[in-house]
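Descriptive analysis of the structure
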Amino acid sequence: MDEGRPALHAALPISRATAILRRFLYDARVRDWLAQLAVAGAIFLLLWFFVENASENMVKAGIASGFDFLWRTSGIDVPFRLFEYGPQDRNIDLLYVGIANTVLVSVLAMVFATVLGFAVGVARLSRNWLLSTFAGIYVEFVRNIPLLLFVFFWYFGVVRALPPPRASLDLGGIFFLNNRGLSIPTPEHAGPFGYVLAAFVLGFAAFLALRLWGAGRQAATGRPFPVVPAGLALVVALPGLAALAAGLSTPWNVPVLTGFNFRGGFALIPEFVALLFALVTYTAGFVAEIVRGGILAVSRGQTEAAASLGLRPGQILRLVVIPQAMRVMVPPMTSQYLNVLKNSSFGAAIAFPEIVSVFMGSALNNTGQAIEIIAIVLGIYLAVGLVVSAFMNWYNARIALVTR
């Protein structure tokens, strides 16, 4: 009997430890964490296998690896750029040119597509049969046509069909439109135009202050203040006057026809115009449906209550319907803005120098370092997309309905 007691006492801690372990593993939160760690570990091992395998194959094939190529001379000329760049510059400078062109065409397309999409979306709900029918036809046409066809249509069917430089469309003697783009004058000195930016910032700050004051005045007295006309005067008229003053005090470099093309000024190349118009007209069709759905999501009782207060239809739409519809529209609009960013890569089909064309195309052909270049481009698209998503999420949280 005495000899069996030590075995019994030794078995008790083991059984107690087993019970604790079972209780630990039966916890749902613990199992969830263990499952997530297992999946993350499996993904990491898979990526490590692919990277190691690719590295070994590149060494066996004698292919150079690393990012030293970014500091070598690119030898690639870019016809459209926002800052100084030449073939003697480095590959990393070529990357900056591609990023700038991609961001430029994407941001402009987002802005213009939003404006056009809002107009078409509101027109679809119009009581005017002709207007709503044309808006509906436009939306259905756009949503059932591939974007690449839009790019080809605007490039080959519209821009390239314009007259040659010697028969350019003369717009006021300073703007010239032809099948090689739109030539516009540029100032010799950009310094005075810094005041335009300062005037815009000042006018926008004054508009925000006026809006707060107008809201407080209306809450206190019940009398509305025309904030929108006054805000337009501050945000548009003030910078406009500053731009007029800067333009009159600065000499301009006006495009001049020399030989077979224009020299001087700045030329918006046809590839940029075609890609921008394609992105705007294509995306506006989807934005229009988002706007229509957001407006229809607002309860009819809201519009009836606003009408009973004596508000006009335009005021009801601007002051009652749109602010509430924005809470429904912002999340899907974020997806459309991200689609615009990614769809800008279609510019490679018409040789617009965006990041895919100049870096994944020309730079990759020159250096042969496909893995590094593709990884850089993927990282840039991801970074810019996250910035767009973060801004839209911030705006969505700002206009969200706050409840107690």
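Residues numbered from 1 in each chain as written. Predicted model: local features only at pLDDT ≥ 70, side-chain atom pairs only at ≥ 80, totals over all residues. Heavy atoms only, no water.

**Some details on the overall build of the protein**
The following threshold applies: Strands here are runs of E lasting at least two residues and helices are runs of H or I lasting at least four, both read from the DSSP assignment and numbered beginning at the N terminus. Here the globule rule is a power law, 2.2 Å times the number of residues to the power 0.38, and the radius of gyration is based on C-alpha atoms. For every residue, the accessible area obtained with a 1.4 Å probe (protein chains only) is divided by the maximum for its type, and the residue is called buried under 20%, exposed over 50%, and partly exposed between those limits. Note on contacts: a residue pair is in contact if any heavy atoms of the two residues lie within 4.5 Å. The Shrake-Rupley method, run with a 1.4 Å probe sphere, supplies the accessible areas, and residue values consider only the shown protein chains as cover.
Counting secondary structure elements, the protein contains 12 helices and 8 strands. Taken against the 2.2 N^0.38 rule, which gives 22 Å for 404 residues, the C-alpha radius of gyration of the protein at 30 Å runs more than 25% over that of a compact globule. Taken over the C-alpha atoms alone, the protein extends approximately 115 × 75 × 45 Å along its principal axes. Residue burial in the protein is summarised as follows: out of 404 residues, 32% are buried. Counting only contacts in the protein whose residues sit at least 6 apart along the sequence, the fraction spanning at least 24 positions is 67%. Approximately 24700 Å² of the protein is accessible, and the part contributed by carbon and sulfur atoms is 68%.

**What about unusual backbone geometry?**
Phi is mostly negative for residues that are not glycine, and the peptide bonds are mostly trans. Notably, Ala351 is not glycine yet its phi reads approximately 65°, a positive angle. Mapped onto the secondary structure, Ala351 falls in the loop between α10 (313-343) and α11 (355-367). Given a relative accessible area of 51%, Ala351 falls into the exposed group.

**Some points on helix α4 (residues 129-143)**
Note the threshold: The span expected for a helix works out to 1.5 Å for each residue beyond the first. Within this analysis, the arc is defined by the directions that extend from the helix axis to the C-beta atoms.
Taking 1.5 Å of rise per residue, 15 residues should cover 21 Å, and α4 covers 21 Å from first to last C-alpha, within 8% of that figure. Those residues of α4 that fall on the buried side of the exposure criterion are Ser132, Ala135, Gly136, Val139 and Val142. Each buried residue of α4 sits inside an arc of 135° when the element is viewed along its axis, so together they form one side. For α4, the exposed residues set more than 90 degrees away from the buried face come down to Trp129, Phe134, Ile137 and Phe141. Tucked inside the fold, the buried residues of α4 contact α3 (91-124), α5 (147-159) and α8 (270-296).

**Some points on helix α2 (residues 28-61)**
Taking 1.5 Å of rise per residue, the 34 residues of α2 would be expected to cover 50 Å, and the 50 Å separating its terminal C-alpha atoms lies within 8% of that figure. The positive-phi residue at the C-terminal boundary of α2 is Gly62, with phi of around 75°.

**A look at the nonpolar core**
Soluble, globular proteins show a tendency: their nonpolar side chains are buried together. Here is the rule we go by: Nine residue types can take part in a nonpolar core, namely buried Ala, Val, Leu, Ile, Met, Phe, Trp, Tyr and Cys, and a core is a set of them joined through side-chain atoms within 4.5 Å.
By size, the foremost hydrophobic cluster in this structure holds 63 residues, and its most contacted members are Ile355 and Phe359. Listing elements by their share of this core, those giving two or more residues are α3, α5, α8, α10, α11 and α12 (370-399). Counting 5 residues, the second largest nonpolar core, distinct from the first, contains Val120, Ala123, Val139 and Ala288.

**Observations concerning the domain arrangement of the protein**
Using the following cut-off: Each domain's extent was defined by an automatic or database domain assignment.
Under the domain assignment used here, the protein contains domain 1 (4-61) and domain 2 (91-148 + 274-399). The C-alpha centroid of domain 2 is placed 45 Å from the C-alpha centroid of domain 1.

**Section: the pattern of salt bridges**
To keep it simple, the criterion reads: In the sections that follow, a salt bridge refers to a side-chain nitrogen of Lys or Arg positioned within 4 Å of a carboxyl oxygen of Asp or Glu.
Applying the stated criterion across every chain, the model contains 6 salt bridges. Note that Asp93 and Arg90 form a salt bridge whose closest N and O atoms lie 3.3 Å from each other. On the basis of relative accessibility, which here comes to 17%, the residue Asp93 falls in the buried class. We note a salt bridge from Glu289 to Arg292, for which the minimum N-O separation is 3.1 Å. With Glu289 and Arg292 both in helix α8 and 3 residues apart, the pair spans about one turn of that helix. Owing to a relative accessible area of 24%, Arg292 belongs among the partly exposed residues under this scheme. Connected via shared salt-bridge partners are Arg124, Arg143, Glu289 and Arg292.

**Focus: the sheet that holds strand β8 (residues 266-268)**
Working definition: the strands of a sheet are paired by backbone hydrogen bonds and lie parallel or antiparallel to each other. Inclusion rule: At least two bridges found by DSSP between two strands is the condition for calling them paired. For helices, the fitted line uses only the C-alpha atoms of the stretch in contact; every axis is such a line through C-alpha atoms, and the angle between N-to-C directions lies from 0 to 180 degrees.
The 4 strands are arranged β1-β2-β3-β8 in an open sheet whose pairing can be described as antiparallel. With partners counted over all chains shown, the strands left at the sheet margins are β1 (169-171) and β8, one partner each. Each neighbouring strand pair of the sheet contributes to a mean axis angle of 20°, computed without reference to strand direction. With 3 bridges connecting them, β1 and strand β2 (residues 175-178) associate as antiparallel partners. The residue bridging Leu169 from the neighbouring strand is Leu177, located in β2.

**A look at the environment of Leu148**
Mapped onto the secondary structure, Leu148 falls in helix α5. In this structure the C-alpha to C-alpha distance between Leu148 and Val387, which are 239 residues apart in sequence, comes to 26 Å. Setting aside chain neighbours within four positions, we find Leu148 in contact with Phe346 and Ala349.

**What about the packing of aromatic side chains?**
For the record, the criterion: We call Phe, Tyr and Trp rings a pair once their centres come within 6.5 Å, taking the six-membered ring for Trp, and we label the pair stacked below 30 degrees between planes, edge-to-face above 60, and tilted otherwise.
Under the criterion given, the structure shown has 16 aromatic pairs. Taking 5.7 Å as the distance between ring centres and 70° as the angle between the ring planes, the aromatic pair formed by Phe150 and Tyr282 counts as edge-to-face. Here Phe150 is found in helix α5, whereas its partner Tyr282 is found in helix α8, with 132 residues between them in sequence. The class for Phe150 is buried, based on a relative accessible area of 9%.

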